[in-house]
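Residue-level structure breakdown
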Amino acid sequence: GENVEQHPSTLSVQEGDSAVIKCTYSDSASNYFPWYKQELGKRPQLIIDIRSNVGEKKDQRIAVTLNKTAKHFSLHITETQPEDSAVYFCAASRGTSYDKVIFGPGTSLSVIP
Amino acid sequence: EAQVTQNPRYLITVTGKKLTVTCSQNMNHEYMSWYRQDPGLGLRQIYYSMNVEVTDKGDVPEGYKVSRKEKRNFPLILESPSPNQTSLYFCASTPLPGLKETQYFGPGTRLLVL
């Protein structure tokens, strides 16, 4: 079946450094790729998303890149801050509607002050 | 306030005792979904619904049922719970594509099946 792989599973960075999380998906029909942040004990929240018709999207310190040929997409966080510490999930889905959504297993990011 | 609510938030039950976790949203969203979250496995979709009376299986539907009789409600039913259904469950809703597609998650329901 379809799956989404995510690496690394844990990531520690110094405050101010950049963090990169990478995902690979198997379903070539996927064309919507959201990223979620989940702080400890809280619900997931969408932080950025990208569609297959663009290669990159940026929102302040967060950016997502997509390589549809290689079926890779990545989250980039620059100038990390302690409040960026959380678990980050990537996901992939088909079509223009949400349909079935496949999540990656998550990356636990720790930003060390 | 726009929100997704789930009840109960915490539940301890025994194997085989039917239970229902309710989910309700007040945003008139068409799409609703249930996920379970387990350590190291991330979020796995159980069932989703594109609209009233339209439901479909996600990645891990075995042992679960859902219904969508009203737009705002999407209950998750465990007819005969087993210990491997011990998990953290999230309900989520989103409007149809073409609008803001943020998926709003409920606060979660932590279920322990003994």
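The following refers to the structure shown. (Residues numbered from 1 in each chain as written. Chains lettered and ligands numbered in written order. Predicted model: local features only at pLDDT ≥ 70, side-chain atom pairs only at ≥ 80, totals over all residues. Heavy atoms only, no water.)

A closer look at the overall build of chain B
When helices and strands are tallied, chain B shows 0 helices and 11 strands. Starting at the N terminus, the α and β elements of chain B follow one another as β-β-β-β-β-β-β-β-β-β-β. Taking 2.2 N^0.38 as the reference for a compact globule, 114 residues should give roughly 13 Å; the C-alpha atoms of chain B span a radius of gyration of 13 Å, in line with that estimate. Summarising its shape, the C-alpha atoms of chain B cover approximately 45 × 30 × 25 Å along the three principal directions. Per-residue burial for chain B yields a buried fraction of 52% across its 114 residues. Restricting to contacts in chain B with at least 6 residues of sequence separation, those with at least 24 account for 53%. Accessible surface, chain B: about 5,400 Å² in total, of which carbon and sulfur atoms supply 53%. Separation between the mean location of the 13 positive side-chain charges and that of the 10 negative ones in chain B comes to 6 Å. (Helix = DSSP H or I, 4+ residues; strand = E, 2+ residues; numbered from the N terminus. Rg over C-alpha atoms; globule rule 2.2 N^0.38 Å. Buried < 20%, exposed > 50% of the residue type's maximum accessible area, 1.4 Å probe, protein only. Contact = heavy atoms within 4.5 Å. Areas by Shrake-Rupley, 256 points an atom, 1.4 Å probe, with all protein chains shown as cover. Lys, Arg positive; Asp, Glu negative; His and termini not counted. Charge placed at Lys NZ, Arg CZ, Asp CG, Glu CD.)

What about the state of the cysteines?
Per the counting criterion, the structure on display carries 2 disulfides over all chains. Across the disulfide, C23 of chain A is cross-linked to C90 of chain A (sulfur-sulfur distance 1.9 Å). Of note, the bridge from C23 of chain A to C90 of chain A carries an S-S torsion of about -100 degrees and is left-handed in sense. Here C23 of chain A, found in strand β3 (residues 19–25), pairs with C90 of chain A, found in strand β9 (residues 86–94); they are 67 residues apart in sequence, far enough to count as distant. What makes C23 of chain A buried here is its relative accessible area of 1%. What makes C90 of chain A buried here is its relative accessible area of 0%. Here C23 of chain B is linked by a disulfide to C91 of chain B, with a sulfur-sulfur distance of 1.8 Å. Given an S-S torsion of about -70 degrees, the disulfide between C23 of chain B and C91 of chain B has left-handed geometry. Of the two residues, C23 of chain B sits in strand β3 (residues 19–25) while C91 of chain B sits in strand β9 (residues 87–94), which places them 68 residues apart along the sequence. No difference in accessibility class separates C23 of chain B from C91 of chain B, as the two residues are buried. (Disulfide = S-S within 2.5 Å.)

Section: the pattern of salt bridges
Any two side chains of opposite charge can pair if their charged atoms end up close together. All names here are of chain A. In total, this model carries 10 salt bridges over all chains according to the counting rule given. For R94, the salt bridge is made with D27, and the minimal N-O distance between the two is 2.6 Å. Of this pair, R94 sits in strand β9 while D27 sits in the loop between β3 and β4 (30–38), and the two are 67 residues apart along the sequence. Here E39 ties to K37 by a salt bridge, and the two come within 3.5 Å at their closest N and O atoms. A residue is classified by how much of its surface remains accessible, and E39, at 30% relative accessible area, is partly exposed. (Salt bridge = Lys/Arg side-chain N within 4 Å of Asp/Glu carboxyl O.)

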